[in-house]
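Structural overview
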Amino acid sequence: MSLTDQELERYVRHIVLPQVGGVGQRRLRDASVAIIGAGGIGSAVIPALAGAGVGQITIIDDDVVDLGNLHRQPLFRERDVGYSKADLALQFVQRLNRFVKATPVQRRIDADNAQSMIEGHSLVIDGSDNFATRLAVSDACVAIGMPLLSAAAVQFQGQVALFRSKPCYRCFVGDAFDADDCDNCAELGVLGALTGTVGNFAALMAINSIVGVGEDPAGKLHVFDGEKLSWREIRIPPDRGCRACGSG
Ligand SMILES: [Zn+2]
């Protein structure tokens, strides 16, 4: 279906880009993205995707806003403390772009429910804050052949990678982190502006991937050093013994 006059007006600065055009904008409209975590990464990813006109966004987060979130989660205000992040993120999207259908899911995603929660989307973006969730989401993505964009920020370092089944996130981190007792932002600290930088980079990668701009970045880890202010790329080798994607 072609874009309406209202859509053409709203997305005009996308559509004039030769790399996007009307075709790219329709791909964004037809896309359905599940975002795990409406925290620091989600606070950058959700507005970017909603503004870009990604047609369907599912926001999965069982948490409520805490005062200690506000330095890095600009989706929320002081008055939001104690309220559901998923519901507040939905309200944000509704105020930003009427053409986006957002669905809040106020449930914790885990190994048992991950597959059913992400099924039917075209991309998953994981901005959650612990390894157990990340591995559960990754294993589910591998099982159903769903692309997974993983983004993380801690202290002064950020990491972003797109996985298309093989290599997978488990190839990258190994099996040691399945227990839900790992380090996260609460213990290690994170610079507020870093999560926005990393989240926006992830959003750019997602939009490029949906529209079909540039080379496919799958299988490469993009690492940001917030002290040196520089990005570097590392290729992630598949782990032949990986219990999610390997043959072993
Ligand atoms: Zn793997």
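For the structure, check the block above.
Residues numbered from 1 in each chain as written. Predicted model: local features only at pLDDT ≥ 70, side-chain atom pairs only at ≥ 80, totals over all residues. Heavy atoms only, no water.

Let us now look at the coordination of the zinc ion. Those donors, Cys 168 (SG), Cys 171 (SG), Cys 242 (SG) and Cys 245 (SG), are the protein atoms that reach the zinc ion, and they lie 2.2 to 2.4 Å from it. Read in sequence order, the donor residues coordinating the zinc ion give the pattern C-x2-C-x70-C-x2-C. With Cys 171 in helix α8 (residues 169-173) and Cys 242 in the segment after β8 (230-235), this residue pair connects regions lying 71 residues apart in the sequence. The same class applies to Cys 171 as to Cys 242, namely buried. (Donors = N, O, S within 2.8 Å, 3.2 Å for Na, K, Ca; no water. Helix = DSSP H or I, 4+ residues; strand = E, 2+ residues; numbered from the N terminus. Buried < 20%, exposed > 50% of the residue type's maximum accessible area, 1.4 Å probe, protein only.)

Along the chain, Ser 165 turns up in the loop between β6 (157-163) and α8. The sequence separation of Ser 165 and His 14 amounts to 151 residues, and the corresponding C-alpha distance is 30 Å. Setting aside chain neighbours within four positions, we find Ser 165 in contact with Val 142, Gly 145 and Cys 245. (Contact = heavy atoms within 4.5 Å.)

The geometry of helix α4 (residues 40-52) relative to helix α5 (residues 85-96) is characterised by a closest axis approach of 10 Å and an angle of 30° between their N-to-C directions. With respect to each other, α4 and α5 are oriented roughly parallel. Crossing hand, α4 versus α5: right-handed. Residues Ile 46, Pro 47, Ala 50 and Gly 51 of α4 lie in contact with α5, whose contacting residues are Ala 89, Phe 92, Val 93 and Leu 96. (Axes fitted to C-alpha atoms, helices over the stretch in contact; angles between N-to-C directions. Parallel < 35°, antiparallel > 145°, perpendicular 65-115°, else oblique. Left-handed = near helix turned anticlockwise from the far one by under 90°.)

Further remarks concern the pairing of strand β3 (residues 101-105). Here strand β2 (residues 56-60) runs beside β3; their pairing, made up of five bridges, is parallel. Of the residues in β3, the one forming a bridge with Thr 58 is Thr 103. Chirality of the crossover, the property in question, places the unit of β2, α5 and β3 among those that are right-handed. (Pairing = 2+ DSSP bridges. Right-handed = clockwise from strand over helix to strand, strands pointing away.)

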